Amino acid sequence: MTPAVIAVVLALVLIIGGFIIANQRGQLAAGPRSRGDGPKPPPPVQAPATLLASDGAGVPGVPGLPGLPGTAGTPGRGSEGTPPALDLLNPVIPAAGRLPADAHAAHPPVPTARAAGTPAAPVGDDLGSLPSIAIQMAASTARLSIPAGSAREVEGLRRRLAAPRGGFMARLAALFRGKADIDPSVWERMEDVLLSSDVGIATTNRLIQSTRLAVEAERVTDAASVWRILKTEAHAILAIEPKRALVEDGKTNCFLLVGVNGAGKTTTIGKLATRWKTDGRTVILGAADTFRAAAVAQLEAWGRRIGVTVVKGKDGADPASVAFEATKKGVDDGAQVVLVDTAGRLQTKQPLMDELRKIHKSMGKALEGAPHETLLVLDATTGQNALQQALLFREAAPLTGIVLTKLDGTAKGGIILAICAELQLPVRFVGLGERADDLRTFHANDFVEALFGDDPSSAPEISA
Ligand SMILES: Nc1nc2c(ncn2[C@@H]2O[C@H](COP(=O)(O)OP(=O)(O)O)[C@@H](O)[C@H]2O)c(=O)[nH]1
Ligand SMILES: [Mg+2]
């Protein structure tokens with residue numbers, strides 16, 4: 001045999017061997033009751049939140065119990081691969097809250113416990129297929145709960161979240177309220193509520209699956225316990241630890257805000273500047289949305305109101321040069337905060353992304369490491385479309401966090417779960433109105449507490 005023939009034979013053996021192993025793994029992960037809707041092996045089962053610390057590193061209070069891969073705090077599928085081509089001018093709006101079958105091609109959903117259209121299985125019916133180690137771990141840690149939030153903060157949030165609480169949460173709570181025990185159809189009906197509240201297919205599946213897993217591990221069927229577990233699993237999705245403090249002392253902290261027109265960038269900058277100025281920090285604003293004179297004027301109005309310097313260019317100036325000048329002024333003045341506003345017009349999608357790339361780079365030229373935060377501003381009322389925007393903007397600049405605005409204006413609000421689960425980016429702030437003080441620093445504990453309350457009876461009656 002020549003060396004070439006030996007090499008070909010060896011390669012064939014390796015490929016066939018690899019195929020057999022991969023196939024066996026796929027069957028293991030799918031278990032005996034997988035959906036059976038295609039030959040593709042589904043990704044492994046997610047561990048329930050009750051198993052995980054918020055940073056995904058392990059279980060608090062349970063030494064030596066490691067976190068499992070692919071869950072809270074670990075890079076998710078959303079950060080891998082090439083995002084699908086997106087057309088924001090013609091967004092895919094899923095009918096009845098459901099995404100088209102190929103919408104998650106680059107982000108395959110966690111398999112559901114049931115195939116579409118088939119009746120939901122009774123509680124725990126298909127949990128025999130879950131790895132027994134996961135169930136044992138869940139059982140041993142099932143009593144872990146979310147750390148208590150600050151009562152005042154939670155109460156304030158609860159009032160401002162009246163719209164999503166009256167819609168999304170009220171519909172969810174209605175599945176549990178007044179019931180001693182949950183009935184088997186609860187999962188199917190929960191799926192409908194989550195999908196129609198902008199949670200999205202992938203995250204809905206993840207949430208339901210991990211909740212069912214933990215419910216089985218705890219061996220509970222009463223509505224109050226299932227509600228508590230659902231809340232814990234939602235918290236695990238939302239609790240993504242930011243990599244750094246927003247404003248570090250002794251340096252010029254530079255922020256770049258990006259997002260589509262109308263998302264709330266300029267307003268958020270005004271709100272942040274108000275907050276940090278009130279805290280006694282020196283703040284500089286950069287008007288790099290030079291596309292419309294009105295945009296510069298809007299930022300200047302905020303600057304005057306708050307009493308902070310606004311760096312702007314001449315009409316039609318290069319936005320990157322404005323961002324550079326603002327950053328440089330921040331450094332020269334020893335300012336603690338520089339906030340750079342940008343344009344978000346989608347009619348010129350590609351130039352916008354090129355422009356953002358240039359702005360990002362120019363800030364880095366003015367100060368090494370800047371911008372320290374690139375925050376994507378998303379409007380919660382745009383639902384699943386916000387997720388598509390995020391995938392697009394992520395190509396233009398390395399995003400470090402999300403500001404989710406207008407949560408006061410939607411009866412849905414489930415997009416916050418989808419954003420965290422699929423993008424694995426921390427939500428830094430939520431916008432709850434148009435006023436300067438209507439911006440809240442996002443704390444997953446407080447947020448979940450405000451939305452869910454102690455039990456289903458604390459949610460309002462359905463109002464929308
Ligand atoms: N209800 C509500 N309105 C908001 C919020 N944030 C921004 N807005 C409003 O959304 C509109 C667009 O905001 P703007 O900051 O100009 O968006 P930009 O184009 O991204 O800069 C304005 O009317 C804002 O007052 C919010 O959290 N809640
Ligand atoms: Mg603006």
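Residues numbered from 1 in each chain as written. Chains lettered and ligands numbered in written order. Predicted model: local features only at pLDDT ≥ 70, side-chain atom pairs only at ≥ 80, totals over all residues.

**Some details on the overall build of the protein**
Helix and strand content of the protein: 14 helices and 8 strands. A buried classification covers 48% of the 464 residues belonging to the protein. Of the contacts made within the protein by residues no fewer than 6 positions apart, 77% connect residues no fewer than 24 positions apart. (Helix = DSSP H or I, 4+ residues; strand = E, 2+ residues; numbered from the N terminus. Buried ≥ 20, exposed ≤ 12 C-beta atoms within 10 Å, placed from the backbone. Contact = placed C-beta atoms within 7 Å.)

**Concerning the nonpolar core**
Counting residues in each nonpolar core, the largest one holds 112 residues, and the members touching the most others are Leu285, Leu339 and Ile419. The dominant element in this core, judged by the number of residues it contributes, is helix α7 (residues 223–238), at 9 residues. What Ile419 contacts, discounting residues up to four positions off in sequence, is Leu378, Ala386, Leu387, Ala390, Ile402, Leu404 and Val427. (Core = buried A, V, L, I, M, F, W, Y, C linked by C-beta atoms within 7 Å.)

**A short note on helix α4 (residues 162–174)**
Given 3.6 residues per helical turn, the α-helix brings residues three or four places apart onto the same face. The largest bend in α4 amounts to roughly 30 degrees and is located at Phe168. Most of α4 is tucked away, with 10 of its 13 residues classed as buried. All buried positions along α4 are accounted for by Ala163, Pro164, Arg165, Gly167, Phe168, Met169, Ala170, Arg171, Leu172 and Ala173. In this structure, the buried side of α4 is in contact with α3 (151–160), α5 (186–195) and α14 (444–452). (Bend = angle between axes of the 7 residues up to and from the residue.)

**Points about the environment of Leu439**
Residue position: Leu439 is located in strand β8 (residues 439–441). Owing to 23 C-beta atoms within 10 Å, Leu439 belongs among the buried residues under this scheme. Between the C-alpha atom of Leu439 and that of Thr267, which follows or precedes it by 172 residues, the distance is 9.7 Å. Filtering out sequence-adjacent residues up to four positions away, Leu439 remains in contact with Thr268, Lys271, Leu272, Arg275, Phe429 and Gly431.

**A closer look at the site of ligand 1**
With respect to spatial proximity, 19 residues lie near ligand 1, and among them Gly264, Lys265, Thr266, Thr267 and Gly431 are the closest. When grouped by side-chain class, the residues that make up the shell around ligand 1 number 3 nonpolar, 11 polar and 5 charged. (Near = placed C-beta within 6 Å. Nonpolar A, V, L, I, M, F, W, Y, C, P; charged D, E, K, R; others polar.)

**Topic: α7**
Along its 16 residues, α7 runs 23 Å from first to last C-alpha, staying within 8% of the 22 Å computed at 1.5 Å per residue. In terms of residue burial, α7 counts as a mostly covered element, since 14 of its 16 residues are buried. (Expected span 1.5 Å × (residues − 1).)

**Focus on the environment of Ile269**
Examined against the element boundaries, Ile269 turns out to sit in helix α8 (residues 265–278). Overall, the presence of 27 C-beta atoms within 10 Å leaves Ile269 in the buried class. Here the alpha-carbon distance between Ile269 and Gly303, two residues 34 residues apart in the chain, equals 9.8 Å. Once residues lying within four places of it in the same chain are set aside, the contact partners of Ile269 are Leu257, Leu285, Leu299, Trp302, Leu339 and Asp341.

**Topic: the pairing of strand β1 (residues 253–258)**
Within a regular strand, side chains alternate between the sheet's two faces. Within β1, 6 of the 6 residues are buried, which leaves the element mostly enclosed by the surrounding structure. Side chains Asn253, Phe255 and Leu257 project from β1 onto one buried face, and the interleaved Cys254, Leu256 and Val258 project onto a second face that is buried too. Note that β1 and strand β4 (residues 337–341) share 4 bridges and pair parallel. Residue pairing for β4: Asn253 is matched across the bridge by Val337. Looking at chain direction, β1 and strand β5 (residues 373–379) are connected through 4 bridges and run parallel. Bridge pairing links Leu256 to Thr374 in β5. (Pairing = 2+ DSSP bridges.)

**Some thoughts on the sheet that holds β8**
Taken in spatial order, the 8 strands line up as β3-β2-β4-β1-β5-β6-β7-β8 in an open sheet, and their pairing is mixed. Each of the sheet's edge strands pairs with one partner strand only, and the pair in question is β3 (309–311) and β8. Recorded for the sheet is a direction-independent mean angle of 25 degrees between the axes of neighbouring strands. Lying on the sheet, α8 is in contact with β1, β2 (283–287), β4, β5, β6 (401–405), β7 (427–431) and β8; it crosses β4 at an angle near 170 degrees. (Axes fitted to C-alpha atoms, helices over the stretch in contact; angles between N-to-C directions.)

**Considerations on the packing of helix α6 (residues 201–218) against helix α13 (residues 415–423)**
With their axes 9 Å apart at the nearest point, α6 and α13 run at an angle of 90 degrees to one another. As judged from the angle between their axes, α6 and α13 are roughly perpendicular. Residues Ala202, Thr203, Arg206 and Leu207 of α6 pack against Leu417, Ala418, Ala421 and Glu422 of α13. Taken together, the residues of the contact of α6 with α13 sort by class into 5 nonpolar, 1 polar and 2 charged. (Parallel < 35°, antiparallel > 145°, perpendicular 65-115°, else oblique.)

**Brief notes about the packing of α7 against α14**
Close contact between α7 and α14 brings their axes to 9 Å; oriented N to C, the two are set at 145 degrees. For the crossing formed where α7 meets α14, the hand is right-handed. Listed contacts from α14 to Lys231, Ala234, His235 and Leu238 of α7 are Ala444, Asn445, Phe447, Val448 and Phe452. The class makeup of the residues in the contact of α7 with α14 is 6 nonpolar, 2 polar and 1 charged. (Left-handed = near helix turned anticlockwise from the far one by under 90°.)

**Looking at the confidence of the model for the protein**
A residue-level look at the protein finds 67% of positions with pLDDT of 70 or above and a mean pLDDT of 76. Low pLDDT, under 50, characterises residues 17–47; the predicted model gives this stretch 37 contacts beyond four residues in sequence or across chains. Predicted confidence for residues 50–144 stays below pLDDT 50, and this span has 173 contacts to residues more than four positions away or in other chains. (pLDDT = per-residue confidence, 0-100.)

**Thoughts on unusual backbone geometry**
In this chain, Ala370 is followed by Pro371 through a cis amide linkage whose omega measures -5 degrees. Its location among the elements puts Pro371 in the loop between α11 (349–366) and β5. The phi angle at Arg219 is positive, at roughly 55 degrees, despite the residue not being glycine. Tracing the backbone shows Arg219 in the loop between α6 and α7. By C-beta crowding, Arg219 is classed as exposed, having 11 other C-beta atoms within 10 Å. You will see that Gln424, though not glycine, has its phi angle at about 55 degrees, which is positive. In this fold, Gln424 is placed in the loop between α13 and β7.

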